[in-house]
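Listed here are the chains, written in short residue letters.
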Amino acid sequence: MSSIAESLSRIQDRLAAAISKANRAQSDVELLAVSKTFPAEVVKEAVEAGQLLLGENKVQELLAKKPLLPGKVRWHLIGHLQSNKIRKILPEVEAVHSIDSLDLAKGVDRVSGELGLRPKVYLEVNLAAESTKHGFPPSALEASLEEILALPRLEVQGLMCIPPFCEDVEASRPYFVQLRQLRDRLASSFDVPLSGLSMGMSHDFEVAVEEGSTIVRVGSAIFGSRGRA
Ligand SMILES: *Cc1c(COP(=O)(O)O)cnc(C)c1O
């Protein structure tokens, strides 16, 4: 087995154990392997080992890597999307995890209409009000949600967050709880499922699964360290 296949297999085992421990069904949580910064030859080892769901945070990098990997791979964009790149990226991805403003939601909806697409989207929430991160402040999301839900082309899956990084994985838990509670509140007041919760990364995905994540975004634990870029 290649070392990437081994790391992938270890992460799959840890994910399965976390799902069982949380008394959830294995099919409730998907593993999105985040391949950013890793070349296609390396990523291919994960695909050959059965990982068909890949995530990239940059439009250019996704567009460059996609043609080098098998067509059966499903791609998700997880990083900030500029409005001038919507048209290029939408036909290439199954989902966008990083809808971080009402304007972006409207832009993705409009272009999807023109291209005949129905992308799955997650609404990114900036829970800690970090100026370095994108995402709706919770109150802004609440104020915009009715308009977003009325956009005909978006398949709104639910919410996404990136908690402030901290070595201590338990520091992530309150953010995951907050995202779930925000989802519960919005789902009930707007009468929509919002069943998707995109949360959990290499260091804290097990905690995220305990708190209700439906898709974990794991990069370095599978592909190795990206260094201090
Ligand atoms: C890079 C990235 C990840 C994966 O991070 P790791 O710590 O390498 O698992 C997850 N989500 C987003 C939005 C990212 O940019």
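Owing to the predicted nature of the structure, the values given are computational and were not obtained by experimental measurement.

Calculation criteria
Residue positions are given per chain, counted from 1 along the sequence in the order it is written. The model is predicted, so local features are restricted to residues of pLDDT at least 70 and side-chain atom pairs to those at 80 or more, both for listing and for counting; the totals for chains, interfaces and linings are taken over all residues. Side-chain numbers come from the whole structure's heavy atoms, not from hydrogens or water. Axis geometry follows a simple rule: fit a line to the C-alpha atoms, using only the stretch in contact for helices, then measure angles between N-to-C directions, giving values from 0 to 180 degrees. To qualify as a helix, a DSSP run of H or I must reach at least 4 residues; to qualify as a strand, a run of E must reach at least 2; elements of each kind are numbered from the N terminus. Oblique is the label for every angle not falling under 35 degrees (roughly parallel), over 145 degrees (roughly antiparallel), or within 65 to 115 degrees (roughly perpendicular). Working rule for handedness: look at the near helix, and if it is turned counterclockwise from the far one by less than a right angle, call the crossing left-handed; if clockwise, right-handed. The criterion used for residue contact is that any of the two residues' heavy atoms lie within 4.5 Å. When residues are grouped by polarity, Ala, Val, Leu, Ile, Met, Phe, Trp, Tyr, Cys and Pro land in nonpolar, Asp, Glu, Lys and Arg in charged, and all others, Gly among them, in polar. Per-residue accessibility, obtained with a 1.4 Å probe over protein chains only, is compared with the maximum for each type, and a residue is labelled buried under 20%, exposed over 50%, and partly exposed between these values. Here, strands pair whenever DSSP counts at least two bridges between them. A carboxyl oxygen of Asp or Glu within 4 Å of a side-chain nitrogen of Lys or Arg is what we treat as a salt bridge. Think of it this way: one heavy atom of a residue within 4 Å of a molecule or strand is enough to make that residue near it. Distance and chemistry together define a polar contact, namely a pair of N or O atoms within 3.5 Å, with one atom able to donate a hydrogen and the other to accept it when in protein, and with adjacent residues in sequence counting only for side-chain atoms on both sides. For every accessible area listed, the method is Shrake-Rupley and the probe measures 1.4 Å; residues are considered covered only by the protein chains on display. Lining residues are those with an atom within 4 Å of a point, where the points come from a 1 Å grid over the protein atoms alone and group into cavities, where a 1.4 Å probe fits but cannot get out, or pockets, open sets with protein on both sides within 12 Å along at least five of seven lines. Grid points are joined across faces, edges and corners, and a volume is the space filled by probe spheres set on the points.

(A) Local environment of the packing of helix H6 (residues 138–149) against helix H7 (residues 173–190). At their nearest, the axes of H6 and H7 sit 11 Å apart, and the two run at 40° to each other. Between H6 and H7, the crossing angle belongs to the class labelled oblique. Crossing handedness for the pair H6 and H7: right-handed. Residue-level inspection shows Pro138, Leu141, Glu142, Leu145, Glu146 and Leu149 of H6 in contact with H7, the latter providing Leu182, Arg185, Leu186 and Phe190. The class makeup of the residues in the contact of H6 with H7 is seven nonpolar, no polar and three charged.

(B) Geometry of unusual backbone geometry. Even without being a glycine, alanine 129 presents a positive backbone phi close to 50°. The topology assignment puts alanine 129 in the loop between strand E5 (120–124) and H6. Here leucine 194, not a glycine, exhibits a phi torsion of approximately 40°, which is positive. Mapping leucine 194 onto the fold places it in the loop between H7 and strand E7 (196–198). The exposure class of leucine 194 is buried, given its relative accessible area of 2%.

(C) Layout of the pairing of strand E3 (residues 74–77). In this structure, strand E2 (residues 53–56) lies alongside E3, joined through four bridges in parallel fashion. Across the sheet, glycine 55 pairs through a bridge with histidine 76, a residue of E3. As paired elements, E3 and strand E4 (residues 95–99) share two bridges and run parallel to each other. When the bridges of E4 are listed, histidine 76 appears paired with alanine 95.

(D) Spatial organisation of the pattern of salt bridges. Here the structure, examined in full by the defined rule, presents 18 salt bridges. We note a salt bridge from lysine 44 to glutamate 48, for which the minimum N-O separation is 4.0 Å. Separated by four residues within a single helix, lysine 44 and glutamate 48 lie in helix H2 (residues 40–48), roughly one turn from each other. Salt bridges here are not isolated pairs; linked through shared partners, they connect Lys21, Glu170, Arg173, Arg180, Glu210 and Glu211.

(E) Geometry of the site of the ligand. Val34, Lys36, Asn57, Ile78, Ile162, Met201, Ser202, Arg217, Val218, Gly219, Ser220 and Arg226 make up every residue found near the ligand. Note that an oxygen atom of the ligand is positioned 2.5 Å from one of the side-chain N or O atoms of serine 202. Glycine 219 places a polar main-chain atom, nitrogen or oxygen, 2.8 Å from an oxygen atom of the ligand. Taken by itself the ligand offers 390 Å² of open surface, and the protein chains cover 90% of this.

(F) Broad picture of the pairing of strand E8 (residues 215–218). Alternating positions in E8 separate into two faces, Ile215 and Arg217 on one and Val216 and Val218 on the other, with burial throughout. One ladder, built from four bridges, connects strand E1 (residues 30–34) with E8; its direction is parallel. In the sheet register, leucine 31 faces E8, and the bridge partner there is valine 216.

(G) Main features of empty space enclosed by the protein. In this structure the tally under the stated criterion is one cavity of 30 Å³ or more. Its volume calculated, the largest cavity comes out at about 30 Å³. If you trace the largest cavity, you find it lined by Val125, Asn126, Leu127, Ala128, Glu130, Cys161, Ile162, Pro163, Pro164 and Tyr175. A per-class count over the lining of the largest cavity returns eight nonpolar, one polar and one charged.

(H) Structural context of the environment of aspartate 100. Looking at where aspartate 100 falls in the secondary structure, it is placed in the loop between E4 and helix H5 (102–115). The exposure class assigned to aspartate 100 is buried, which follows from its relative accessible area of 9%. For the pair formed by aspartate 100 and phenylalanine 136, sequence separation is 36 residues and the distance between their alpha carbons is 5.6 Å. With residues up to four places along the chain from it excluded, the contact list for aspartate 100 reads His80, Glu124, His134, Gly135 and Phe136. Here the side chain of aspartate 100 touches histidine 80 through a polar contact of 2.6 Å, side chain to side chain.

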